[in-house]
2 protein chains.
Amino acid sequence: MKLHILGCHSATPRSTVFPSSQLLEINNELLLIDAGEGMQIQLRKYKHKFNKIQYIFISHLHGDHFFGLVGFLSSLRLIGRDKPIHIYAPVGLKAIIELQFKLTKTDINYPLFFHELSSPESELILETDQYTVKTIPLEHRIYTNGFLIQEKPALRKLNIDAVKQYPEIETWAYHNLKRGKDFTREDGSIISNEKLTLPPPPAKSYAYCSDTIYKPDIIPLIKDVDLLYHEATFLEKHKDLATKTKHSTAKQAAQIAKQAAVNFLVLGHFSSRYTSEYLFVKEASEVFGEVDIAREGKTFEF
Amino acid sequence: MKLHILGCHSATPRSTVFPSSQLLEINNELLLIDAGEGMQIQLRKYKHKFNKIQYIFISHLHGDHFFGLVGFLSSLRLIGRDKPIHIYAPVGLKAIIELQFKLTKTDINYPLFFHELSSPESELILETDQYTVKTIPLEHRIYTNGFLIQEKPALRKLNIDAVKQYPEIETWAYHNLKRGKDFTREDGSIISNEKLTLPPPPAKSYAYCSDTIYKPDIIPLIKDVDLLYHEATFLEKHKDLATKTKHSTAKQAAQIAKQAAVNFLVLGHFSSRYTSEYLFVKEASEVFGEVDIAREGKTFEF
């Protein structure tokens, strides 16, 4: 998986940084997570193909997480999209988008599906051959979900040298071997799968948690993920403000990462009040060392 | 007046240019004309103060002319706006904005007034002490207005050297002199205003025409304006496409400028199909010499 940051700042407009939006790359597919204003400009800037996006996940209906969506959907029409788009978002976004299409007399010429979310519990919202997506219920000033994307285990790899020692194993049998099955000879004897295959690369997982107050009850859900993006709008010295506005501090994000034993933590959604974003890494690394800050244009490969 | 270009390109998203949005500066006030996505980023980039904007004019409800508005209005709330905002826009924009505020649970903490437009005729929509704003009915695929902003004539200037030759003219009389009145002595004799004052600087005028098919019946309305911004989405070689999509070519924009005897023409709303925007100037200047292209960050002073 690769995580591409398109925008990672909070709502206050600035000239050089963008509000929340990111792409999770799985094989040749791009999952769009949040869509702050200007995200389509960022897609162009960093040369991500619009057409590789099929699934869009919106965490909550604050403008800095979705104001860029309608422009992106309109642009897809202009560039001749024909494949479907699926949007997973809180109840209400469908009405916002559809009203704009109606009043702008925009005929969307590709299949557009809204999957509106309202459950307070984690739910499986998408399953493909390669991965699943579950919601992570967060707590913010408005109904909010994070998203947990988990690759399915890949097929085992044939150990060709081992397989060739058994002329009785013909190529038609490879399909089952890759799926972990033992090989059964005509006489009923068995060659165990472990002798013939190698384990697949480990399945990766990614958790996106923005925006939220410090919420340790998400820990079982995001346990052991390879990469956790967690909002850190404030530093610990503004903890009261974080609590009041239902945001997290860098230290709190690090505490979540530590308790969930994630492999790596990326911080984002920085308030504009701070002069340097490295203050967030400094604060978090005192609790959890494997940490970095998000930045527009940055890619995390894992 | 000064015209500041924030964005001047058509809808196709690009990484380095922005859709339509501009500021007309009159004295210390900024009128916002159209609000394509990312316009608040451009305001920041070019250091225009959000709070100098009180009046917003939206030509039509195509996304590349208004998708940036909701983000801008949301940001005004964040930065503690208290002065009113007035928006002049086609019927429908109010519903779009209000639905988003409702679903994002945004309480706008400043007075926000919508003035919805639907007349097919030119109308006076705003009059202040210093200027008037009238609509320019355009013809596009959707109900569209341009805007004509005309300064009111300033006060005449006292010719102090001349005034001082008449000790009978006391300072209380200056008010009327500046307004063009003659001075009447106690004996009833008159000193004519021309002897005592100098003419004011000429009142300036600006016309914004985007998006529209070639529409010569706007000429009487924009006659003699100091600056005309006219869309030129296409070059003449794509005239058929211009007609079909109800846009103009650079040549057609120049013909409008010539027939209206404007002082200067600025072209904008360029399609992304052309490699160089100078092609638009080249084509237009064969018809009308006083022409330039709009570009993000450029200011035209007149």
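Residues numbered from 1 in each chain as written. Chains lettered and ligands numbered in written order. Predicted model: local features only at pLDDT ≥ 70, side-chain atom pairs only at ≥ 80, totals over all residues.

Trainee: I keep staring at the relation of the copies chain B and chain A and nothing clicks. Help me out?
Mentor: Both copies of the chain are related by one operation, a rotation about an axis with a shift along it. Expressed as a screw operation, the relation of chain B to chain A combines 0.0 Å of axial shift with a rotation of 180°, fitting to an RMSD of 0.1 Å. On the angle and the small slide along the axis, the relation comes out as a two-fold axis. Considering only C-alpha atoms, the residue of chain B closest to the rotation axis is Gly38 of chain B, which sits at 2.8 Å. Mapped onto chain A, 100% of the interface residues of chain B again fall at the interface, so both copies present the same surface. (Least-squares fit on C-alpha atoms with pLDDT ≥ 70 in both. Contact = placed C-beta atoms within 7 Å.)

Trainee: Got a minute to help me understand the interface of chain B and chain A in this structure?
Mentor: Quite often, the size of an interface is put as the accessible area lost when its parts meet. Each side of the interface is counted separately: chain B has 29 residues, and chain A has 29 residues. Secondary structure elements with two or more residues in the side of chain B that touches chain A: α1 (39–45), α2 (69–78) and α3 (93–103) of chain B. Of the residues belonging to the side of chain B that touches chain A, the class tally is 12 nonpolar, 12 polar and 5 charged. (Helix = DSSP H or I, 4+ residues; strand = E, 2+ residues; numbered from the N terminus. Nonpolar A, V, L, I, M, F, W, Y, C, P; charged D, E, K, R; others polar.)

Trainee: How should I be thinking about unusual backbone geometry in this particular structure?
Mentor: Glycine aside, residues mostly have negative phi, and peptide bonds are mostly found in the trans state. Ser210 of chain A connects to Asp211 of chain A through a cis peptide bond whose omega is 0°. Looking at the element boundaries, Asp211 of chain A is found in the loop between β14 (205–209) and α7 (219–222). For Lys246 of chain A, which is not a glycine, the phi torsion comes out positive at approximately 60°. Assignment of secondary structure puts Lys246 of chain A in the loop between α8 (239–245) and α9 (250–259). Accessibility expressed as a C-beta count within 10 Å gives 18 for Lys246 of chain A, which makes it partly exposed. Even without being a glycine, Asn27 of chain B presents a positive backbone phi close to 50°. Mapped onto the fold, Asn27 of chain B is located in the loop between β2 (21–26) and β3 (29–35). (Buried ≥ 20, exposed ≤ 12 C-beta atoms within 10 Å, placed from the backbone.)

Trainee: Can you walk me through the sheet that holds strand β7 (residues 124–127) of chain A in this structure?
Mentor: Each strand in a sheet pairs with another by means of backbone hydrogen bonds, the pair being arranged parallel or else antiparallel. Residues and elements named next belong to chain A. Taken in spatial order, the 7 strands line up as β7-β8-β9-β14-β15-β16-β17 in an open sheet, and their pairing is mixed. Both outer strands of the open sheet, β7 and β17 (291–293), are each paired with one neighbouring strand and no more. Taking each pair of neighbouring strands and ignoring which way they run, the sheet shows an average axis angle of 20°. Running over the sheet, helix α10 (residues 278–285) touches β16 (265–268) and β17 and is turned about 165° from β17. (Pairing = 2+ DSSP bridges. Axes fitted to C-alpha atoms, helices over the stretch in contact; angles between N-to-C directions.)

Trainee: What is the right way to look at the domain arrangement of chain A in this model?
Mentor: The domains assigned to chain A are domain 1 (2–154 + 201–301) and domain 2 (157–198). Here the C-alpha centre of domain 2 of chain A lies 43 Å away from the C-alpha centre of domain 1 of chain A. (Domains from an automatic or database assignment.)

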